[in-house]
Amino acid sequence: MADQAALPPGYPAGWEADVILSDGGTAHIRPILPSDGPRLLAFWDRLSERSIYLRFFGVRRRLSPADVDRFTIVDQSVRGALVALIGAELVALAHWEGVPAAETPATPATPAAVADEAPRGGPLTRPAAGAEVAFLVEDAQQGRGLGSVLLEHLAAAAWERGVRRFDAEVLAENQTMTRVFLDAGYKVSRTWDSSVIRLSFDIAPTEKSVDVMRAREHRAEAASIGRLLRPRAVAVIGASRRAGATGNAVLRNLLNGGFDGPVYPVNPVAAAGSGAVSSVRAFASVEDVDGPVDLAVLCVPPAEVDEAVAACGRHGVRGLVVITDLRDEPAEATLAAAARAAGMRVVGPASLGVQSPAAGLNASLTTQMPPPGRIGCYSQSGPLGTAMLTAAETRGLGMSVFVSAGDRADVSGNDMLQYWEDDPATDVALLHLDTFGNPRKFARLARRVGRSLPVVVVRAGRSELDAALLRQAGVIAVDRVSAGFDVAQLLANQPLPSGDRVTVIGDSRALVRLTVEAAEGVGLSVESVLLKLGSSPELHAEAMLSAAERSDALMVTVAPLPPLPVAPLATAVAAVAARLDMPVLASVLGGAPIPELGAVPAYPSPEGAVAALRRVVAYAEWRSRPLGAVPVLDVRVDAARALVGGRVGWLDDAQSAALLGCYGVPVEPVIRAENEDAAVSAADRLGWPAVLKARSRPYRHRPELGGQRLALPDETAMRAAWASLRAQLGPDVPLVVQRMAPAGVAVVLGSEEHPRYGPLVSFGLAGPAMDLLGDRAHHILPLTDVDADRLLGSVRGAPLLSGYRGSRPVDVAALRETVLRVARLADDLPDVARLVLDPVIVSAQGVTVLSAEVIAGPPRRRADAGPRRYWTAPAPGAGAAY
C-alpha cells in the first residue's frame, strides 16, 4: 500500500488492490505517483528494445525528465495511470489518455506519443467519453496475466472518471497485446491501417467480460493455493532443537510425514554451532539456502516475523504458513501486506499448519495426519482443526488436504473453494467458518462449486436467515464437527439419492422403529422391512435388493448379537451397496468400527444417520434444480444512479417513484389533499374509484388502525369519507388520494444491503397476521428466474397466490417480473440501503405498487464487485475487503 503521508491530494486510494496472477503469484496495483520516477527509470532499463518498440512503435532507450513527468504526473481524470509492483519494483504500467470535454482535437492522441507539452496534473477535468489506452509489461513478467488484470482495473478506474470507451493502436505484429483486448470479453471493433490495428470498445462490464474475469480469477486463486499445498522444498524458520518447542514439532512432523522434497531448518544459533537440527543441516537464514524454497513455515517469536517475511520475499519463497500467534491485528495486516507485495500468499498467523497426506506433507503442529482420502478440510480455528483431524482418525477417513487458517490474514475459505473445484483428489469440501470474510463472494463460489462438489460448512450460532441463505447457495450447514463428518463420509463414499424415499432394513424391532421414527421426524418418506431376529446375511442382502426397486436410499440397522459374528453381515451389506446406484448407510448399535462395511458409512445412532441422509437428500434436490438465468431487463442504470445522487436518508415519494420507474416498476401516484374539494379534484385526476387515506405514521401500512377509506365511487362518497376521517384523526394528520387498486392479494417486496451477504431481496404477504408470523423470505443476489419462482413459493402464505379455497388466481408471472426488477435494482445500486414496496396488490390483471419507501446511504464497497482483487484499500473509516 502506498505511503499515506506521501500521497497527493485527491489520491484515489480505493483503486489500490492486491491481485493474484495467472501462475498463482501476487502483485500490487495502485495509481501512479509523482514519486515513482526512479522506479519508472529502473523499469525502463530492464525493458528489452523489442518491448519498447512494440509499445512506442520505435525504440527509445532513455527517458528524459519531461518524459518521466508525463508518465508520473497525471490528474487521474483526463489522464490516468496505474502501475503494478512486485516488492518495491515497478513491473508494469497502464494508462489512459482522454481529451477534456471542452476540447475538440484535430487528431486523437496516440499511445505512441510521448509529448512534453501535454497537461501535467492540475484539477480534475471531465474527459471525453473515449480515451486512448496502452500497456507496458516488463519482459521477465510477461505471460503472468499482468496485462489482463491491469486492463480490468484501468477500465474500472476510468469508468469512475467518466470514460466510457477505450481506443488503442497496436502494431499488427504485437499479437500478445491484441489478444489482451480481444480476450477480455468486450465487444471490440477493429480497423487496419497499414501495419497498425486500431481497436475500440465500450468498457461497461458485460456478461461475457464478467465471466472472463471470474474464470481468470478462479484459475489464478486455485494456482496460488496449489503452490502452497504442492511445494517442492520447505523451510522451517525457527526450527528448534528443544523438545516441545513449536519449531521442533513442525520440523519433526515434516521429516516423519514422508515428504520427499528437501526440508531446510533455519536457525542462526544452530547453524553457527553444530550446523544441524534433528540431524538435518541448518541455515542461518532462508536466503542462505542454495536452491529454491516454495513454502516457508514461520515458528519465530512475533518480533522476528517481519524480518523473516522480508527474507523469504528476497529469496523468492512462494508461500508462508505462519504458526506464530501475533495477537495484534495491525501486525497481522502488516505481515499480509508485506507478503503480498513480495508475491507470497499466507496461511495464518496463529495457524495449526497445513497437510497434504498424498504428498506426505505435514507442515503442522500436530502428529495426526490422516491417510490420503477424498475430503478436503479447512478450519479457521486451531482447536476445531484438531477436532477435525481427530474425527477423521476415529472414523478412519482420509483427507485430500487440511488447512488451518488461524487468524486468516490472507488465505480464506473462498480460496480453498477455488482450489477444490478443480482438484481431482477432492470429492467433498468441509469447512469450519467463524466468519465469511467476503460473504457475497462465498455465496457466489458456493453456488457454482456446489453443482459438482458438495460444500459442508460447520458454523455455530447461525440465524434462520443465515441458514436460508446458505441453503440457497447449496451449502450443507451443520453446527458441529461430528455432524459435518457424518455428512462428509456419506458424500465421499456413496452416490447422491434421486429422491427422499428411504427403506429401513434390519432384524431388531426396536432399532428399526427408532430409525423409522427419526426419518419420519425429518420429513423423509419411509418404509421398513423387519426381518426375523438373527436373520442371515443372505436374507439381509435379498431384502436390500428388493427394497432398492422402490427406494432412493437404504438404511441397514446392525445390532450385534453375541455370539453371532457381525463381519459376514457387514460383508454382505457392502457387496450389495457396491451394486446399487443409491446411497446405503448403516446404523450400528454400539458404534464399534466394522471394517467389513468398506465404503458403507456407519453411524453409532439412528438419529445421526438420518440427519446426515436428510441433509444429503436436500443437497441432491438443490443440485438437481435448473440454474435458471438472470433475465436481461430494459433498465436505465445511469438514470437510476443519478436519482439517488449521493442523497442519504429517506427519499420522498416522487424520488422513490422516479428511482423505481427507471427499473420498470411503476408506483401508483398519490396527491395530497388539503381539503375535501382538493380530494375530489385529485380523484378526478387519478380516476375513480379512489382511496382516501392517512399517509403518515402510525397509519401507513397499518390498515387495521382504520386510517383509510376504500373504493370511493364518486364525489359524494369522497366528501363523506373526508368528514369521517377528519372526525376520527383530527385536523393535523395529512390525507392523500390514490386510485383504487384492483382486488387481489396484498404482498410486500423489498431489498436491503445486508452486512454479511450484501444485497438481498425479500418477499412476503402483507398484513398484521403475516407480520406476526414472520412469514418473510429472503434471497441472495443475483436472482435468476428460477430463484424468483422459488422465492414466491417459499412463504407459508404462497397458496393464496394460486387460488386458495376457490379464490381467483392472481398474475404470478407479473409478480415474478416485478421481483426480478427489484432484485436488479438492489444488485446495481449499493447506495440503496433499504427498499420497501408495501403494499403491492397482485390481481388477475397484474401488479399495482401502492407505496414505495427508499432509504439511501453512502454506497458500500462490495468486495465481490469490480475487477479481480483479493485485497483492496479500505475506504475512509472502513476495513479492508478480502
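Given the structure is predicted, the values throughout are model-derived calculations rather than measurements.

Caption draft 1: Molecular detail of the pairing of strand β23 (residues 501-506). Within β23, 5 of the 6 residues are buried, which leaves it mostly tucked inside the rest of the structure. Of the strand pairs in this sheet, β23 and strand β24 (residues 525-530) are connected by 6 bridges, and their pairing is parallel. Counted as the bridge partner of Thr 503 is Glu 527 from β24. The handedness of the β23 to β24 crossover, carried by helix α16 (residues 509-521), is right-handed. Here β23 pairs with strand β25 (residues 553-558) via 4 bridges, running parallel. Paired with Thr 503 across the strands is Leu 554, a residue of β25.

Caption draft 2: Up close: the side chain of Ser 551. The residue Ser 551 is located in the loop between α17 (537-548) and β25 in this model. Residue classification places Ser 551 among the buried positions, given a relative accessible area of 5%. Polar side-chain contacts of Ser 551 include one of 2.5 Å to the side chain of Thr 503. In contact with Ser 551, other than residues within four places in its own chain, are Arg 501, Thr 503 and Met 582.

Caption draft 3: Region of the structure containing the confidence of the model for the protein. Overall, the predicted model of the protein reaches an average pLDDT of 90, with 93% of residues at or above 70. Note on residues 102-126: pLDDT under 50 across the span, and 47 contacts to partners over four residues away in sequence or across chains. Segment residues 873-882: pLDDT under 50, and 23 contacts once partners within four positions in sequence are set aside and those in other chains are kept.

Caption draft 4: Structural detail: the nonpolar core. With 52 residues, the main nonpolar core has Met 416, Leu 417, Trp 420, Leu 431 and Phe 442 as its most contacted residues. For this core, the element with the highest residue contribution is helix α13 (residues 439-449), accounting for 5 residues. Beyond its immediate stretch of four places on either side in the chain, Leu 431 contacts Tyr 378, Met 388, Gly 413, Leu 417, Trp 420, Val 455, Val 456, Val 457 and Val 458. In terms of nonpolar packing, the next biggest core, distinct from the first, is built from 41 residues, Leu 651, Val 665, Leu 765 and Leu 820 among them.

Caption draft 5: Just the packing of aromatic side chains, in detail. Counted according to the given criterion, the structure contains 10 aromatic pairs. Centroid distance Phe 181 to Phe 201: 5.8 Å. Interplanar angle 50 degrees. Geometry classified as tilted. Of this pair, Phe 181 sits in helix α5 (residues 175-182) while Phe 201 sits in strand β8 (residues 196-202); the two residues are 20 residues apart in sequence, bridging distant segments of the chain. For the pair shown, Phe 181 and Phe 201 are each scored as buried. Through successive ring pairs, a cluster of aromatic residues spans Phe 135, Phe 166, Phe 181, Tyr 186 and Phe 201. The side chain of Arg 55 reaches across the aromatic face of Phe 56, ending 4.0 Å from its centre.

So, how was this worked out
Residues numbered from 1 in each chain as written. Predicted model: local features only at pLDDT ≥ 70, side-chain atom pairs only at ≥ 80, totals over all residues. Heavy atoms only, no water. Buried < 20%, exposed > 50% of the residue type's maximum accessible area, 1.4 Å probe, protein only. Helix = DSSP H or I, 4+ residues; strand = E, 2+ residues; numbered from the N terminus. Pairing = 2+ DSSP bridges. Right-handed = clockwise from strand over helix to strand, strands pointing away. Polar contact = N/O pair within 3.5 Å; in protein donor to acceptor, adjacent residues only side chain to side chain. Contact = heavy atoms within 4.5 Å. pLDDT = per-residue confidence, 0-100. Core = buried A, V, L, I, M, F, W, Y, C linked by side-chain atoms within 4.5 Å. Phe/Tyr/Trp six-rings, centres within 6.5 Å; stacked < 30°, edge-to-face > 60°. Lys NZ or Arg CZ within 6 Å of the ring centre and 35° of its normal.

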